[in-house]
Each structure stands twice: as C-alpha cells, then as structure tokens.
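Coordinates in review
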Amino acid sequence: MMQIDEIDNVNQQLIDDDDNAAIIDSDASDVDEEEASPLLSALDDLESRVVTALNEFKSHPGTVGSTATAAGSVKQSIHQELASVLRPVVEVSAHTGPSTARALASSYPQNYTVEMCVDEIYTRINSELILPVILESAQSDTIPAKRSASLALFHTLHSEWCKAGSYLDGSTSAPSLAGPYGPGISPGSGHVSAPPFNPAEGQRRNQIKSARRAELLRRWVQSSIPNLTPGTFTNATLDASAAGRGVLSASAALKPCLRYMAERIGSADDAGALRLFLPVMRMIEGVLGRLFLERTRGGEANSIDKKGQVEGDALRSSCIKFLEIVVLCFSKKELPFQAASRMKKDIANDFSLEDLPPGHPIITRESLEEIGDYAFSTLRGLVLLGGQAAIDPNLLLAAAASSSSGSNFMGGSNPFTPILDILKPAALAFLNFETDAEKAEASGGDKHKFTLDRANIELDFGLSQKSYSLSINAIQMLATKRPVYFKESSVCLARRAIDPPGASDNDGVFLSKAAITGIRTHLRSSCLTLLRHFLSVTSGSWEVLVDALKQAGMETQADRALKASKQQLNLMKGGRAARNRAAVFYEWDTSADDSRAAKRQRDTDDAQARVRAAKMARGLGSGIQLPTSMVDACELVLLNLDNLPPKRPPVASSKQRKQPIDLDFVVDAVLSNGASLTMEENHWYDRDGGDGWAIEEGEVGEDGRPVLTFKMNSSVLDAGMKIAQGEKVKETEKAFAEQSKLASSMAFSRVLMSSSTARSSAVADFGKQIAARLALTLEGVKPAREIERSHVMAVEAVESSIKKNAETEEELAGALEFALENPLVSSSLAYDLTPKDLSTDEIEVTNSAASTSALAMRILNEAYVCSFNEDKAKYEKCLDLFVSSVVNACDLSNQNPKDNERKRIANAAASSLPHQLGAAPFLTPSSLNLVSSLCDIDEVVKKFSTKTPSLTIAEAAAARTAKAAAEKRATAALLILRDVAFQRDALRGSAVDAAVAIASGRLPASAQIEDKALKLVMNVIFPKNLDCSDKVITSAAKELEFATRFAIENHEKITKANEASARKKDKHGHSSKSALAPQSDEEKQALDRVRKPVVLVMALAVRRPEIIKAIMENGCRDGADVLAKAIKTNMPKLARAAATKHGAAKIAVQVANMASEKEAPLLICFLDNLVTAADKSVPSQELIDACQEIQKARLDADGKPDIRYIMPVVSGVMRVELLKELPGFVKGSDEILKTALHRMSERLGRYSMIFRDEPDPSENTLRGMSSCEQMVYLHQLDFHAIGIPQKRYLDVIRVCLEDDEVFNDRVVQAALDYISGKFLEGESLPLAYMRTIILTCSKHESLHSWICHVLLPRLVEGQVYSDKRQWEGWMRCAKMLENTGDQGISSLEAIDKLPEEQKNMYRAKYPKN
C-alpha cells in the first residue's frame, strides 16, 4: 500500500480501527460487520465508479468514436473524448470523495471523525488507485492520445484539488471550514459559522495537505519525464506527438513545483524540497534535450519533408515556450524606481528567484540564475540567427550521453550540471558570433550597426514562422516582466528588425515569403511596444529602438511612442496631483488629403496588381492548372505569352528514303496507317513477312463460317528447322535467321510498349503476360532500340551490385551472365525503371507502381514455372536481376536529386518492392543482401545535410526532398527484412543477419537508418518469439566476431599510429585525458567501427546474460585491444542495465562464474561499473557478499584470494573489515593501492579530514575509510607482522603524500594531529611518523606554522625524546623550520620548550647560527 510519510499516524489509526485487523472467532460476524460499515460501503461505491471509468479509458482504442453527434454540434476530437471518459475520475477524486467523507462524519459522529474518513478515502481512491494507474498510463501506454490524456489529467487534478472544499483548498480563509475537512465556504456566507479550531490540529492538517500536494506534483513530474525520452515510439510522428504533450505537461508543472519547493525551504524542510527538485531538474533536462540534442540522437534537424517539418516545429515550439518559462522562473523581477511594496504580486501565476528562500545547501538562487541567464542567451540567439547556431558535435555527444544515461557526463553529482551541459554550449555558440559582430561594430564607429556574417553561420535547426513568433514573444514578454533583461531584449529585437529575415541569401531559407513578411511585421510591432514602455528611457535602450523603427520607415510612430514613454516615466516620478492632472492620449496616423473612397480604390488597385504579379510568377510550366473562370484563364495565358520559348523543341528527323514515291508507296502508307513510312529497306518482314504463310478456306461449318487453315511456306519451314537443330545453313537462311530475331525483337518491343500504355487494365495485363512468356522464350534475341536502354541499365545494375556486395559476388555473377544471355528478360525487368525519352517515342509511356509490380511479377512467376523443368536457378537469377535494377534506380536518383523522372521511378519502385517480394514464390539470401544495400545512403545524407550558402531556396528544397526520399526508401528496405523474418522461416536467419549487419554498421547505412535497424532488431524482431531471438543472438555473435577480426587485423597499424601520436604529444607537452580515449585518428576510426556491434551485443546481453561470456572472450583475445577499449567504454551501460534487470549481486556472481582467468580485466571492469551504476548510496550488503564470494573463488598467483575483486565494493565494507584487507592492498602494486584507497573514500568526501569514531564502541557501524583514516592506519601498520619489508611500508606512505589531490595539506594535517593526540594519551608514535612530518615540511609550506607552533611543542610535551629514532626525526624537522625566512614561522618556540638536557643535545648537533 502506497502511503505518505507525514500521515503515518493516521494510517495506523485506520489500521487499528479496521475490523479485519483482529482475529474474530465467527466469520459470519466479520462479514455482517463489514457489510454494515458505511465507510466501507462508500469506499466500494467510489472505487466502482473510478474503476469503471479507468477500465473504459484503458480499453479505449485511441481513435475518435463513430457515434453520431447531435444536429448542429461539433464532433469531438480524440483528446476531448478521452477527457470526457476520465471526467468521472476527476469528480470522484477532487469533489465527490471529500464531500462523501464529510457526509459520513456528520451522519455517524459516534463512529467516524472527519479526519479518519478523509484520510481513508484519499488513500484508497487517490494514493492507491487513481494516481498509480494514471501514472502508469502516462509512462507506458502504447497509444499517444491516451498518454496525452493521462498527462492532462494531472494538470486537471491539480486545478480541481485547489478549489474550495477539495484536498488543496487554498481559497477558504477559515481553517476549520477549509477543504476537505470543511465545505470550503467562508464564514458568514450561507449562514455558516466557523467552529472552534485547535491550532495543533491545524498544523497537522497543513502537514498532510503539503504531503498530498507533494505526492501529486511528484507523480506529475514523473509522468512527463518518460515522454521526453527519445525513442519512446519507433514511429517519428508518434514520438514527436508524445514528446510535445510531455513538454506541455512539463510547462504546466514547473511553476507549481517551484512554489512547493520554496514553501518547503521556507519551512526548513530541505530534504522535502530536494525530493521534488531532482525530478524537476531531470524534467527540464529532458525538454532541453528534445530541443538541442535531436541532431546528435538521430532525430530531425531542419525537417526533411513537409510533414516532418510541421511535426518537428510543433515540438520545437513547445520547447521554446518551456524555455521562456524557465527564464521567467529562474530570474529576478525587481523594478527600478519602484518600492517592493508597490509591486504587483501574482503568487498563483508567477514565480521568481525572490520567491525562493535562501539557506538550502543545493537549491540556491545563484545556481538557478545561471541556468536562467544561459537560457535567455539561447532565446536571443534563436531570434537573432533565426535558429540555433551549430554546436560543437563533441559537446552535443557528451551532453546526449549524459542525458540518455541520467547522469552527468563529467562525473559530478551537481544536479544543475546536466542542464548546463546542454544550455551552455547552445548559448556560447551564439555568443561567439555576437561578440565578433560587436567587435566589428566597435571598430566601425557606428554604435548601432550590428552585422552578422550569416554566410559563415551554420545552424543546427531553423525556425519556422510559428516557432519564430514564439521566440519573439518570449523576448518581448521577458523584457516587460523581468526588467533586468529589458535592455538586452530591446537590443536583440532592434538588431533583428534592422537585419530582418530574408535580407541575405541564406537567412530565412526555411521560411516562405509570407512568413518572412509576417516576422518582419512582428519584429517592428515588438520594438514599438518596448519603446512605449518607460524602461526604454531608464535603461537607455530607446536609441537603438528608435533607430530600428526609423530604418523600417516608422519614424513618426517611433517619435510618438518615445514621447509617451517619457511622459509615463515623468508621471511615475511625479506626485499624485501631477498624475491626476495628466491627460495621456495618442495621435494615430491619419491622412487628411486621402478620402475614404480614394483609399479603398487604392487598396483595390494594389490587390489587382499583386494578383497579376502572382499569376506571372506561376508561369505556364508542367502541371499548371488553369483557373475555372474563362476570363482568368485567358488573362493568365496572355500574361505568359512572353514566357513561351521562341522555337518549338527539335524532334527526331526521319532518314531519307531511297524508295520513290509512287502509287504502291502511297497505298502501303494508307493500308499500314503510316507504319510503312518508317520501314527500312533491309527489314523485309515489314512488307513481305506475310508471304511465308498461306491461308486456305475450307467448308462452311455449322456456325456458317468457313474453316480457315494456315500453312507455312516449305522453304521458310526448312530454314527454321535447320537453325533450331544447329545445322549448317546457307547465307540466305542465315540472313533469314537474323531477320527472324530482329522481327521478334521488334514485335516484342511493340507488345511491351502497348501493354504499358493500354487504357484497359485487362488489355495491359494480357500484354504483360504475353511479354513475360516471350521474354523467357526468345533467348539470345537482342532488344529493339526502344528498350535497349533498359537492358543496358539492368546490366549496369548487376555490375554495380557486384562491386558493393563482395559476399554475394558468385551469385550475382550468374545473374550478370543470365542478363547477357537473355536481353529481353533484363529489358523487361528494368523497363519500368528506365526513364523514357518522349521526344523519340511516338506514344506516351506512363509508369506507376502498379505497372512495375505487374510486369515484374509476370516475369518472376514465369521464371519460377520454367525453373521446374529447365534451369533450376533461372528464377533466382531473375530475382537478383530485378532487385539489382531497383537498387540501381534508387542509387541513380540519389546521385541526381534534380532529375524528377528518376526520383519518381525510384520512389515507385521502392514503395512497390515490399509487396512484390512479399508475393514472390520464394526469396534468396543474395536478394536480401541486395535489398539491404538500399540503406547505403550515408553519402547522400551527408551531402544534403551540409549547409551550402550558394544553394538557392529551390535547390535547398530539392536537396531536403531527395534526402527524405532516400531515407524513406531505406526504411522500406528495413520493412522488407522485417516481413521476411516474420513470414518466411527458411530465410529468417538471412533477414536477421542483414538487419543486424546494418544495425552494427558493417553494412553501410546512414546514422538514422542504423538507429532504426537497431530498434527493429531489439524492439520488434527479438521479442517476437524464441526462434527470432535466437537468430538475433546468433547474428549478433557473428557481428562481434567480425569486429574482433577487424580489431586484430588492424592491431599493428593502430599501435604504430598511437606510438607516433604519443611521441608528438610528448614533444608538445600534451597528455592524454583518459585511458579509454582514442590516442590517434586510426584508433578513433577503429573504435567507431567496433563500437556499434559491441553496443548491440551488450543490449542483447541485458536480456540474455550468458552473452556476456562472448563479449569478454572476444575482448580478451590477443591483438583485440581496440575492441577491449570499446567494451570498457560501454561497460557502464551494460552494468547499469543488467543490475536493474537481474539484481547487482546475482549478475555479478553469474558473470564471474562465466569468466576465465584471461578475462579477469574485463570482469573487474564489469564489477567496477556495477558498483558505480548503483545509487549514490553505498553498495548493498548483497553485492558486497557477492564480491567477497568471487574473491574467495578466484585466487592469485600465490594461491590467496585476489584482492582486486573486493576493490569495487570497499566503500560499503565495514571499516574494521577494511583494516584486515589493508595489508593485502599494501602488498599489491602502487596502482592497486591507489585505486583501493580511492574506492574506500569515494563516498566520504565530506569526512576526508576527519577520523571518525564509532558512535557505539560495542558495535561496528562505520563503512568505508576516509582519507584521514587511511593515512592514520597506514602509519600504524605492523609491517613485520604482515610480512612486508620496511622499505615497502615507507614507500606506501610516500606514494600517498605524492598524491596531493587526495591527500592534500588539510588531510595530512588532520592525520598527523590525530596521531599526535593519541601519542599524548600514551600510545607510541608510528615508525614513519617523523619521516612523514619531514616530507610534509618539504611538500606543504602552508603547514609550517602549524608544525612549528602546535605539532612540535605537542611532541615535546609527550616526551618524544624518549624514543631515539623519533627524537632524531624531531631534531631534523626542527632544524628545517628553525630559519624558514617567513616572518613569525620558526621552530625556536618548540626548541625552547625542550628540557635543558635535550636542548643542549639539540644544540650540540645543530649549533645556532
């Protein structure tokens, strides 16, 4: 049962009063009593209402219902329909529940109190039912509309709960009448009087109210965070929709959360404020990530199609509005010339830093103000640049990694750091350009001239009209509500008004002309509004505002606005009498010389001129649609006569015929319908081909028709038989054979083109059926001129596929040979994929997806039938040939995005390919490899993603369209692989291999397609069934093996490159930042190559932990160093996910049992990250026990437990146990010792200079070991007892002192102070104590004074001279500090405190100078 901490006592009272809490002998009495309980009956009734509504909501399909609406009413949207479904939940939660509780308490005062009824109903209905169910739906529902409704419900609940009579009633003045314990009516209204009220009870109710408010706000924030995570839905549209609703929810939740945190801090409840503050920071980080990190995460950037532009801009607009709220809340609102008491305060709708009480150790005004300043700079950049200036990709990658992992990528624990990691680079990217422009402005002498070099400004994303307007509104609003930003806002808007969008070629590329005009008008009106404000005068920003308006031709309006602002300021400074006498008015722009009729006529004339200009701009190009009005159509044609070309386009000229024009020539032309005019002399079959056949009429049959008999000429038949049997033929017969093939080719071409242009679908289908049969029958017949280009294209397609797919070279070689032997088949398969030259064809050819599908499927089906009796591989060759042609058509479209015909063909072919392959009799692995090559669009994506200032608007639009089309075709290829994996069991392994190869980067693809392939493999194929998951794991293992071979093969090359890079760094004095960072460009490229398969296999290993064995085996193979580095780099993600799913202790033991001794480095790395992947608290005892078990099972070379396996959890081990392990760490290497010491103290930073004492000496509770304690215990080691030489004992302390970042002067001082204190209590000094003091004198000059005036006298007091060795060290130390040269720092005071005998002994050894 989910309960609130602050009302535990009430819940306990309810449990004590519950009838079911005690055992009663009679079961019947229990039932009767329960049935008779009015409270339980009321709870059951309320629960039934809520459950009914929630069940209806859960079962809702997420689409608008088909129920008829009333006449005249407007049909509800899906969001309105879901809100009406959830309306009963809101009523019961906010109003019916409290009113029921009050009614029960008043009806049964002897049984119930109002507090008891309210708390029980709240717990049962809200805490345990409504809030958890709605939170689960908002976080994990698969329908975006239902997620949106759940998010909106939290906002509705918060509003309803704050109303009178509900749980968060804040409007009722009398505490005893405030909801939910009262009706929420003020005293005196409705004859209601406030009953007596106990202040202690009021305090208790306020605590419960605060706890309920915290619960609602916390769940509200938690519901928004998952929707802001990228990849919530694999569909980009649904993901953007869910993210947009998440941003809106975050915008609504931010101010209530901040007000609650301020209230908690004011009540000295720092922990309560922090519990809500951390999720709020993650929520802000999530929204900012969706605005600035989408490009790095593979999302849209400058949306690639019209639909994506709308969706992306909708999300971006919501994020910009959220950014405005962040600046508003994280800034101060003090006003100049105005006292605090005269400020208008709207607590319910505003929040500023003044509302945040000071005193919290983490939630400080300074930290929040820093976020607000960077956010405001980012908003200014959006307005001035028209988008976000390009951010360093390395910073974006780091911020995206920290955002996706939920932690700070710099390794800190500051909750503000992840937000600043996103905002700071975004703001600085703009500030760099602004600084350069201001320097140029200063050097030019014109203080208002501000010119940005927009040709060299690259944007991560551009703003559309909607998001641009929101950014301008945000700057204007912040200027008026936050006067501290007034001047910067005014300067920003004025500079943009002076240099508006569209002023340069590459400014406003993503905006239409109408949008540019609207934005310019918006900028001018905003400048005018700010100029009317009195702060424009006090801040001195009126000059730049006036200058901007003057350049826009609004000098008169600017002068009057400035006059009004000065008058307003004078009135504010003046007395009451002056303000009463003031008569403020505006003189609007009127023209006395223009009458109303003249103005209307002028507007009409201007409108007609604009229409004519628009019509002329449209031109008479292809696809123009004339207006329906004949007058407008004629006018449009007349206006565009000048646009027509002066000459007709050239046509193919016919060859001069030698045949004279006589009567036969004319008769043949008439009979053949003009076909004889195109005959060639050597094509005898065009004229006399019919002579080879004879027709004889027989007797008349029963139907009244004579029987016709066809006979072939005997000579023709003989020649045909000889050629068919391969006998030697004469020259005439040989000529006949060639003419026959030529005739067949011409006839086939006519059939093919006729079937492609037939209006009747039945005729077209019949023609394709004939063409398919003829193509496979007429082997060796060359294609006619009309379709020869298709054959050439098919051959080039196969040759190109052989170059790109080396693995299937043998299969594709057979397809190439088949294409050369059967030219008509290759021509038919590529016919609809070849652009047609309409200038040389007599008939218009139309291609479509349907025609492509029909003709290709006819060929494939015919080849499949032929493969039963003839060549078994004929169908496979035809299939490879066809897929190669489709891939080649897509590649040609990518290479030339301006060719609309190729683009249309490629889109039609790619869209129909899934249906064709789905209907194909069977597929082959080689065909799937060819399909996967459709994803090879990395070059086209990079080419068209690069900002090129020289591109026109049309060229840039064409580039974006080409990029979108290429990604759409690649997505279709992934869908084909998915369908094959699901529907064809025999080829499931091949399909999964191809998908995994794309996801792992072995097969070329763009980053976005690789991400889609990874989601396809992990989220779609893997969970389908057991066989699919096994296939995915097998394929991933293959890819990991490929990556391992790659690493081994390139090991020597990478080693040499790293050595050369190291020498270069040493020469320049540079050092590597991290051991896991690439040391050279070659290693960086290799890491990028092997990282993707490693990430894929690790993702699978979370679900199948046994795969971790394969990861470690491959990472520890000889020469696979770069693979091991990639594994270690990504090990934190694996450890975190595995610990979350299986439990840290369980997975640690399981992985340790699988790992061999050779794999020990990666096992230790896994354990290290397993601990750091846990919460910020100390490791759990289960994990500590697991590591100790692993340590005992894995022995070192001496047969003792290996200390390395306990090191990851030493921060959680009891200090007394660490003392037992400390000798083992000392015996190890310096690196092991330093790592162990760091681990011991990593969670004790605040205690680094303290030696902690056990609270209860009889019980050991302290965990870990602080730096001070480490230094003390190292000094107290009995090196003889533990079997280490004295030199090692002294070296260990020296190693610690050299690490001055950890063992700084304060830590050393604390350790020496503690040991000296124990010395005064009677303990002996450690052997190395005086040696450490001497080393400290040499290293830390800051401790000289303390050693001279405190430590040395204290040692004298403890009679250090009684120990000869320590006395010798004391004298050496005193000598070092006797004459330091620093004023007031000398050991003479300590020397004077020596007894006379020891003082003489000291002077005898070290005479005074």
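One structure accompanies this document, and this report is about it. All values derive from a computational prediction rather than experimental measurement. For every chain, the first residue of the written sequence is number 1, and numbering continues from 1 along that sequence. The model is predicted, so local features are restricted to residues of pLDDT at least 70 and side-chain atom pairs to those at 80 or more, both for listing and for counting; the totals for chains, interfaces and linings are taken over all residues. Here the side-chain values reflect all heavy atoms present in the structure, with hydrogen atoms and water set aside.

**Quick look at the overall build of the protein chain**
- Broken down by element type, the protein chain carries 57 helices and four strands.
- Across the 1409 residues that make up the protein chain, the buried fraction comes to 46%.
- Of the contacts formed within the protein chain by residues at least 6 apart in sequence, a portion of 71% connects residues at least 24 apart.
- All accessibility values rest on the Shrake-Rupley procedure with a 1.4 Å probe; residue burial counts only the protein chains present in the view. Only carbon and sulfur atoms are counted for the fraction: they give 52% of the accessible area of the protein chain, which is about 69900 Å². In DSSP terms, a helix is any run of H or I states spanning at least four residues, a strand is any run of E spanning at least two, and both are numbered starting from the N terminus. Classification of residues uses two cut-offs on accessible area relative to the type maximum, computed with a 1.4 Å probe and protein chains only: under 20% is buried, over 50% is exposed, and between them is partly exposed. It only takes one pair of heavy atoms within 4.5 Å for two residues to be counted as in contact.

**Topic: the packing of helix H44 (residues 1144-1154) against helix H46 (residues 1181-1193)**
- Between H44 and H46, whose axes approach to 8 Å, the crossing angle comes to 15°. As judged from the angle between their axes, H44 and H46 are roughly parallel. Taken as a pair, H44 and H46 cross one another with a handedness that is right-handed. Residue-level inspection shows Ala1144, Ala1145, Ala1148, Val1149 and Ala1152 of H44 in contact with H46, the latter providing Glu1182, Leu1183, Ala1186, Glu1189 and Ile1190. Whenever a helix is involved, its axis is fitted only over the stretch in contact; in every case the axis is a line through C-alpha atoms, and angles between N-to-C directions fall within 0 to 180 degrees. When describing relative orientation, an angle under 35 degrees is termed roughly parallel and one over 145 degrees roughly antiparallel, while 65 to 115 degrees is termed roughly perpendicular and anything else oblique. Helix crossings fall into two classes, left-handed where the near helix is turned counterclockwise from the far one by less than a right angle and right-handed where it is turned clockwise.

**Section: the state of the cysteines**
- For the purposes of this analysis, a disulfide is any pair of cysteine sulfur atoms at a distance within 2.5 Å. Taken as a whole and judged by the stated rule, the model has zero disulfides.
- Here Cys527 is not cross-linked by a disulfide; its sulfur's nearest cysteine counterpart is in Cys492, at 9.2 Å.
- We note that Cys1337 lacks a disulfide partner, and the nearest cysteine sulfur, in Cys1373, lies 3.8 Å from it.

**Here's the deal with helix H19 (residues 555-573)**
- By definition here, a helix of n residues has an expected span of 1.5 Å times n minus one. If you check H19, its first and last C-alpha atoms are 27 Å apart, about what 19 residues at 1.5 Å a residue would give, namely 27 Å.
- Buried within H19 we find Ala558, Ala561, Leu562, Ala564, Ser565, Leu569 and Leu571.

**Considerations on the packing of helix H5 (residues 114-140) against helix H7 (residues 199-224)**
- Contact geometry for H5 and H7: axes closest at 9 Å, N-to-C directions at 10°. Taken together, H5 and H7 sit at an angle that is classed as roughly parallel. Residues Val114, Glu115, Val118, Asp119, Tyr122, Ser127, Leu131, Pro132, Leu135, Ala138 and Gln139 of H5 form the contact with H7, whose participating residues are Glu201, Arg204, Arg205, Ile208, Arg212, Glu215, Leu216, Arg219, Gln222 and Ser223.
- Split into classes, the residues belonging to the contact of H5 with H7 amount to nine nonpolar, four polar and eight charged. Put simply, Ala, Val, Leu, Ile, Met, Phe, Trp, Tyr, Cys and Pro go in the nonpolar bin, Asp, Glu, Lys and Arg in the charged bin, and everything else, Gly too, in the polar bin.

**Quick look at a nonpolar patch on the surface**
- What goes into a patch is any residue over 30% in relative accessible area without a salt bridge, connected to like charges within 9 Å or, for nonpolar side chains (Val, Leu, Ile, Met, Phe, Trp, Tyr), within 5 Å. A pair is scored as a salt bridge if a Lys or Arg side-chain nitrogen falls within 4 Å of a carboxyl oxygen belonging to Asp or Glu. On the surface, Tyr1247, Met1249 and Ile1250 cluster together into a nonpolar patch covering about 260 Å² of accessible area.
- Structurally, Met1249 is set in the loop between helix H48 (1230-1241) and helix H49 (1267-1275).
- Relative accessible area serves as the criterion here: at 44%, Met1249 is assigned to the partly exposed category.

**Regarding the pattern of salt bridges**
- All chains considered together, the criterion is met by 59 salt bridges.
- Measuring nitrogen to oxygen at the nearest pair gives 3.5 Å for the salt bridge that ties Arg219 to Glu215. Of the two residues, Arg219 and Glu215 are both situated in helix H7; the distance of four residues between them amounts to about one turn of the helix. In terms of burial, Arg219 and Glu215 fall into one category: buried.
- The shortest N-O distance in the salt bridge between Glu786 and Arg785 comes to 3.5 Å.
- Glu786 sits in the partly exposed class, given a relative accessible area of 24%.
- Residue Arg785 is classed as exposed on the basis of its relative accessible area, which comes to 56%.
- One salt-bridge network, held together by shared partners, links Asp44, Glu47, Glu120 and Arg124.

**Describing the packing of aromatic side chains**
- Classification of ring pairs rests on two measures: the distance between centres of Phe, Tyr or Trp rings, Trp counted by its six-membered ring, which must be within 6.5 Å, and the angle between planes, read as stacked under 30 degrees, edge-to-face over 60 and tilted in between. Under the counting rule described, the total for this entry stands at 15 aromatic pairs.
- Summarising the aromatic geometry, the rings of Trp1367 and Trp1370 are spaced 5.5 Å apart at their centres and angled 15° between planes, so their arrangement reads as stacked. Of this pair, Trp1367 and Trp1370 both sit in helix H55 (residues 1364-1378), three residues apart, roughly one helical turn. Judged on exposure class, the residue Trp1367 and its partner Trp1370 are both buried.
- What links up through ring pairs into an aromatic cluster is the set Tyr122, Trp161 and Tyr167.
- By the criterion adopted, a ring carries a charge over it if an Arg CZ or a Lys NZ lies within 6 Å of its centre and within 35 degrees of its normal. Over the ring of Phe1046 we find Arg1089; its NZ or CZ atom is 5.4 Å from the centre of that ring.

**Topic: the environment of Leu742**
- Examined against the element boundaries, Leu742 turns out to sit in helix H26 (residues 731-757).
- For the pair Leu742 and Pro783, spaced 41 residues apart in sequence, the C-alpha to C-alpha distance is 8.5 Å.

**Quick look at a negative patch on the surface**
- Charged residues are defined here as Lys and Arg on the positive side and Asp and Glu on the negative side; His and the ends of the chain fall outside this count. Working definition for charges: the position is that of NZ of Lys, CZ of Arg, CG of Asp or CD of Glu. There is a patch of like negative charges on the surface, built from Glu809, Glu810, Glu811 and Glu876.
- Residue contributions to the negative patch peak at three residues, all from helix H29 (residues 809-821).
- On the secondary structure map, Glu876 appears in helix H32 (residues 874-895).

**Brief notes about helix H52 (residues 1305-1320)**
- In this model, H52 (16 residues) spans 22 Å end to end at C-alpha, consistent with the 22 Å of a helix rising 1.5 Å per residue.
- Looking at H52, one finds that the buried residues are Asp1305, Val1307, Val1308, Gln1309, Ala1310, Ala1311, Leu1312, Ile1315, Ser1316 and Phe1319.
- Between a side-chain oxygen at the N-terminus of H52 and the backbone nitrogen of Arg1306 the separation is 3.2 Å; the capping residue is Asn1304.
- Residue Gly1322 follows H52 closely and has a positive phi angle near 120°. In protein, a polar contact means a hydrogen-donor-capable atom and an acceptor-capable atom, both N or O and within 3.5 Å, with residues adjacent in sequence counting only if both atoms are side-chain atoms; elsewhere, any N or O pair within 3.5 Å suffices.

**Structural notes on the side chain of Glu1159**
- For Glu1159, the position within the fold is in the loop between H44 and helix H45 (1160-1172).
- The class for Glu1159 is buried, based on a relative accessible area of 5%.
- Looking at Glu1159, its side chain comes within polar contact range of the side chain of Lys1109, at 3.3 Å.
- In terms of polar contacts, Glu1159 uses its side chain to reach the backbone amide nitrogen of Ser1156, at 3.0 Å.
- Apart from residues lying up to four places away in sequence, Glu1159 is in contact with Lys1109, Met1112, Glu1113, Cys1116 and Met1154.

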